Amino acid sequence: MDLPVSANENGVNMKPELMEKETLYHCVFKNKAILVFKDSQDMLNCYEIDEKSLVNEIIKCQSSKELEKIFEDYVKNHNINN
């Protein structure tokens, strides 16, 4: 099965045509979490996270809902405001 976002030894592979809008996708490449989502205007948004503890939590995620929960908890526990 093709994944919208994946990584191998050559880098990160993205297949926007497989992405649902406003859904967060992730993969890990070279000890960094790569987060990708396609917004309502079909623009790709990509983020890289290298904080080791956060990357380790992201590696365990099986769904975008789990991923969102990790970030909600992170923001709450670190007193991060918009």
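Structure: above.
An account of the accompanying structure is given in this report. (Residues numbered from 1 in each chain as written. Predicted model: local features only at pLDDT ≥ 70, side-chain atom pairs only at ≥ 80, totals over all residues. Heavy atoms only, no water.)

## Focus on the nonpolar core
It is characteristic of soluble globular proteins that their nonpolar side chains tend to be buried jointly. Within the largest apolar cluster, 11 residues are counted, these being L24, A33, L35, I49, L54, V55, I58, C61, L67, I70 and F71. At the level of elements, β4 (32-38), α1 (52-59) and α2 (64-77) are the ones that each hand at least two residues to this core. Setting aside its immediate chain neighbours within four residues, L24 contacts L35, V36, F37, S64, L67 and F71. If you look at the next biggest cluster of nonpolar residues, it comprises six residues, including V5, Y25, C27 and I34. (Core = buried A, V, L, I, M, F, W, Y, C linked by side-chain atoms within 4.5 Å. Buried < 20%, exposed > 50% of the residue type's maximum accessible area, 1.4 Å probe, protein only. Helix = DSSP H or I, 4+ residues; strand = E, 2+ residues; numbered from the N terminus. Contact = heavy atoms within 4.5 Å.)

## Some words on the pattern of salt bridges
With the rule as written, the count across this model stands at four salt bridges. Across the pair D2 and K15 runs a salt bridge, and its minimum N-O distance is 3.4 Å. Separated by 13 residues along the polypeptide, D2 in the segment before β1 (5-8) and K15 in the loop between β2 (11-14) and β3 (25-29) bring together distant segments of the chain. The shortest N-O distance in the salt bridge between D73 and K69 comes to 2.8 Å. You can see D73 and its partner K69 sitting in helix α2, four residues apart, about one turn around the helix. Residue class for K69 comes out partly exposed when judged on its relative accessible area of 45%. (Salt bridge = Lys/Arg side-chain N within 4 Å of Asp/Glu carboxyl O.)

## Regarding the sheet that holds β3
Here we have three strands laid out as an open sheet, ordered β3-β4-β5, and antiparallel in their pairing. In this open sheet, the two edge strands, each paired with only one partner strand, are β3 and β5 (44-49). When strand polarity is set aside, the average angle formed by the axes of neighbouring strands in this sheet is 20°. Two elements, β4 and β5, share six bridges in a ladder whose sense is antiparallel. Following the sheet pairing, L35 is matched in β5 by Y47. (Pairing = 2+ DSSP bridges. Axes fitted to C-alpha atoms, helices over the stretch in contact; angles between N-to-C directions.)

## Some remarks on the layout of surface pockets
Estimates place the volume of the largest pocket at around 200 Å³. Around the largest pocket, the lining comprises 11 residues; the ones closest to its centre are L3, Y25, H26, Q62 and S63. (1 Å grid on protein atoms, 1.4 Å probe; cavity = no way out; pocket = protein on both sides within 12 Å on 5 of 7 lines; lining within 4 Å. Points joined across faces, edges and corners; volume = space filled by probe spheres on them.)

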